[in-house]
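Given next are the chains, with one letter for each unit.
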Amino acid sequence: LFLNDFERFLSLKPRVPAPASPRPVPETGPLVCRGLTFRYPGSERDNLKGVDFALEPGQVVALVGENGSGKTTLVKLLCRLYDPSAGSIQINGLDLRALDPVAWRKIITVIFQDYLRYALTAWENIWLGDPEAERDRERIARAAELAGIDRRIGLLPQSYETMLGVRFQ
């Protein structure tokens, strides 16, 4: 039963196609939403309508609002799990629809309120953000520093070697 579900999952076609000639993902730049509107397929109402905002590199943002206000929908659009019904999302002036969704998703990270911490070491949890990359500890330490979590990891009993869960201890 599980294998049938798994095979069905693997056969799903992406909802967001890559453009024929995708543009390179910009390294940095402002993220701007203009007139962002989205309606889920089969729905009769917009989940987001006319959303405008700009985020600068390094800016920290928390999405706060009532259930059903569109927070998760906005994050799904920023991750390019869906494309907007109207309006645009741009990074450094380039519309996300001009990018390969897989390449875009490799450079972004989303932390939801109900996050998952794997029963692995701290450095392995960070490495899972890009499992195709080498397990380069210097690169992982730099990522932790950029995320502002390196000092907290340093306070753990075994720093980056600390298991972040008790399942396998």
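Structural data are supplied above this passage.
In this text the structure is predicted, and so the values were computed from the model without any measurement.

According to the stated counting rule, one finds six salt bridges in the structure shown. Residue Glu161 pairs with Arg137 through a salt bridge whose shortest N-O separation is 2.4 Å. Remark: Arg137 occurs in helix 5 (residues 137-147) and Glu161 occurs in the segment after helix 6 (150-154); sequence separation between them is 24 residues. Residue class for Glu161 comes out partly exposed when judged on its relative accessible area of 38%.

With that out of the way, let us pick up the nonpolar core. Ranked by internal contacts, the top residues of the largest apolar core, which has 15 residues, are Leu77 and Ile89. Listed by contribution, the elements that provide at least two residues to this core are strand 1 (31-38), helix 2 (71-78) and strand 3 (86-91). Ranked by residue count, the leading element in this core is strand 1, at four residues. What Leu77 contacts, discounting residues up to four positions off in sequence, is Leu36, Phe38, Leu48, Tyr82, Asp83, Pro84, Ile89 and Leu96. Ranked by size, the runner-up nonpolar core spans seven residues in total, among them Trp123, Trp127, Ile140 and Ile153.

Here Arg80, not a glycine, exhibits a phi torsion of approximately 60 degrees, which is positive. Among the secondary structure elements, Arg80 is positioned in the loop between helix 2 and strand 3. The backbone of Ser159 sits at a positive phi, close to 50 degrees, despite the residue not being glycine. Considering the arrangement of structural elements, one finds Ser159 in the segment after helix 6.

A separate point is the environment of Arg152. Looking at where Arg152 falls in the secondary structure, it is placed in helix 6. A relative accessible area of 64% means that Arg152 is categorised as exposed. Taking the C-alpha atoms as reference points, Arg152 and Gly70, separated by 82 residues in sequence, lie 32 Å from one another.

About the cut-offs
Residues numbered from 1 in each chain as written. Predicted model: local features only at pLDDT ≥ 70, side-chain atom pairs only at ≥ 80, totals over all residues. Heavy atoms only, no water. Salt bridge = Lys/Arg side-chain N within 4 Å of Asp/Glu carboxyl O. Helix = DSSP H or I, 4+ residues; strand = E, 2+ residues; numbered from the N terminus. Buried < 20%, exposed > 50% of the residue type's maximum accessible area, 1.4 Å probe, protein only. Core = buried A, V, L, I, M, F, W, Y, C linked by side-chain atoms within 4.5 Å. Contact = heavy atoms within 4.5 Å.

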